[in-house]
Amino acid sequence: MSRMLRVGGLVPLTTLDYPGQLACVLFCQGCAWRCRYCHNPDLIGPRGSAELDWCRVLAFLQRRQGLLDAVVFSGGEPTLQEGLPAAIHEVRQMGFRIGLHSAGIKPAAFAKVVGLADWVGFDVKALPQDSESVTGVAGSGAANWRSLDHLLDSGVDYECRTTVHWHLFDPPRLLELAEQLSERGVKRFAIQLVRTARMLDPELSLISPQTRQAELWAQMRELFPEFILRG
Ligand code: SF4
């Protein structure tokens, strides 16, 4: 079944995508949302123009045994692919730790695989009622937050992160989002400021982001044992 995993791209070495681990990243093809700031639009469609055969991916990983600590399944949205659990199993058998990047687009599918990972980088798009304005999909907020509950219930190590483009957020809403995450029990939260001009919605590239939010970041630091600001 894992031979059905559609991998749209691969980064052979990263220290950023799984904290503390030397990892490679497999970008799984396909996503059901359309986030306006998505910087991987080539991965959204169900089939990609640069897909890698799974056997080639495994051959690459064999050559990296002993050199890399972990493999991160990213996307796109990896949990939408039925072949993911078998692929994770194969990669773990090779001795790698497993990282997973997900927004929990389908909570039932996310719940099935979250326990197979050693670490999850989980995207919280926005407050539930605001998510549609980011993802373009009705109901995405409820799904996103239900999967967050699955993650917190799973006991798997994680980081929650929210990507911020100041056209889609304002500081009070972002603080409210952080407060709700803190109340939910989130311990590690990262803000990722959009820093690329390549986005699904080209209009966002034309809007200058605000940059000075020192007070907001100070308030957020008070809410979490670990707070990280990127970008
Ligand atoms: S969830 Fe959003 S940002 Fe992530 S791959 Fe899908 S469209 Fe892009």
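Keep in mind the model is a prediction, meaning the values are calculated, not measured. (Residues numbered from 1 in each chain as written. Predicted model: local features only at pLDDT ≥ 70, side-chain atom pairs only at ≥ 80, totals over all residues. Heavy atoms only, no water.)

Attention now moves to the sheet that holds strand 7 (residues 188-193). Remark on secondary structure: sheet strands pair via backbone hydrogen bonds, oriented parallel or antiparallel. Strands sit in the order 1-2-3-4-5-6-7-8 across an open sheet of 8 strands; the sheet is mixed. One side of each edge strand has no neighbouring strand; the edge strands of this open sheet are strand 1 (7-14) and strand 8 (226-230). On average, each strand axis in the sheet is inclined to that of its neighbour by 20 degrees, with strand direction left out of account. Sheet topology note: the strand 7/strand 8 ladder contains 5 bridges and is parallel. Note that in strand 8 the partner of Ala 190 across the bridge is Ile 228. (Pairing = 2+ DSSP bridges. Helix = DSSP H or I, 4+ residues; strand = E, 2+ residues; numbered from the N terminus. Axes fitted to C-alpha atoms, helices over the stretch in contact; angles between N-to-C directions.)

Every regular strand shows the same layout, with side chains that alternate between the two sheet faces. The element strand 6 (residues 157-164) is largely enclosed, with a buried count of 7 among its 8 residues. In the sheet, strand 5 (residues 119-123) pairs with strand 6 via 5 bridges, with the strands oriented parallel. Note on strand 6: the bridge partner recorded for Val 120 is Tyr 158. Pairing of strand 6 with strand 7 involves 5 bridges; the strand directions are parallel. Across the sheet, residue Val 164 finds its bridge partner in strand 7, namely Leu 193. Regarding topology, helix 6 (residues 171-184) serves as the crossover connection from strand 6 to the parallel strand 7, and that connection is right-handed. (Buried < 20%, exposed > 50% of the residue type's maximum accessible area, 1.4 Å probe, protein only. Right-handed = clockwise from strand over helix to strand, strands pointing away.)

So, about the site of the ligand. Every residue lining the ligand is accounted for by Cys 31, Trp 33, Arg 34, Cys 35, Cys 38, Ile 44, Gly 76 and Lys 125. Per-class residue counts for the shell around the ligand are 5 nonpolar, 1 polar and 2 charged. (Near = heavy atom within 4 Å. Nonpolar A, V, L, I, M, F, W, Y, C, P; charged D, E, K, R; others polar.)

Let us now look at the pattern of salt bridges. Pairing between side chains becomes possible if they bear opposite charge and their charged atoms approach one another. In total, this model carries 11 salt bridges according to the counting rule given. The partner of Asp 130 in a salt bridge is Arg 173, and the shortest N-O contact between them spans 3.0 Å. You can see Asp 130 sitting in the loop between strand 5 and helix 4 (131-135) and its partner Arg 173 sitting in helix 6, a full 43 residues away along the chain. When the shortest N-O distance is used, the salt bridge between Arg 184 and Asp 149 registers 3.0 Å. (Salt bridge = Lys/Arg side-chain N within 4 Å of Asp/Glu carboxyl O.)

On to helix 5 (residues 140-154). The terminal C-alpha atoms of helix 5 lie 21 Å apart, and with 15 residues this matches the ideal 21 Å at 1.5 Å per residue to within 8%. Contacts from the buried residues of helix 5 go to helix 3 (107-113), strand 5, helix 4, strand 6 and helix 6. A positive backbone phi angle near 80 degrees is found at Gly 155, which sits one or two residues after helix 5. (Expected span 1.5 Å × (residues − 1). Contact = heavy atoms within 4.5 Å.)

The next subject is unusual backbone geometry. For the bond from Gly 75 to Gly 76, the omega torsion is 10 degrees, close enough to zero to count as cis. With respect to the helices and strands, Gly 76 occurs in the loop between strand 3 (70-74) and helix 2 (84-93).

With 63 residues, the main nonpolar core has Trp 54, Phe 73, Val 120, Leu 174, Phe 189 and Met 220 as its most contacted residues. Each residue touching Val 120, except ones within four places of it in the same chain, is listed here: Leu 100, Phe 110, Val 114, Leu 151, Val 156, Asp 157, Tyr 158 and Glu 159. Formed by 8 residues, the second largest nonpolar core is a distinct cluster that contains Tyr 18, Val 25, Leu 43 and Ala 70. (Core = buried A, V, L, I, M, F, W, Y, C linked by side-chain atoms within 4.5 Å.)

Right, let's talk about the side chain of Ser 131 for a bit. Within the secondary structure, Ser 131 sits in helix 4. Apart from the residues lying within four places of it in its own chain, the contact partners of Ser 131 are Lys 125, Ala 126, Gly 136, Ser 140 and Gly 141.

Turning to the packing of aromatic side chains, a few remarks are in order. The full count for this structure, using the stated rule, is 6 aromatic pairs. Judged by centre distance (6.3 Å) and plane angle (45 degrees), the rings of Phe 189 and Phe 227 are tilted. Taken together, the positions of Phe 189 in strand 7 and Phe 227 in strand 8 put the pair 38 residues apart, joining distant regions of the chain. By relative accessible area, Phe 189 is classed as buried at 0%. Grouped by ring-pair contacts, the aromatic residues Trp 166, Phe 189, Trp 217, Phe 224 and Phe 227 constitute a single cluster. (Phe/Tyr/Trp six-rings, centres within 6.5 Å; stacked < 30°, edge-to-face > 60°.)

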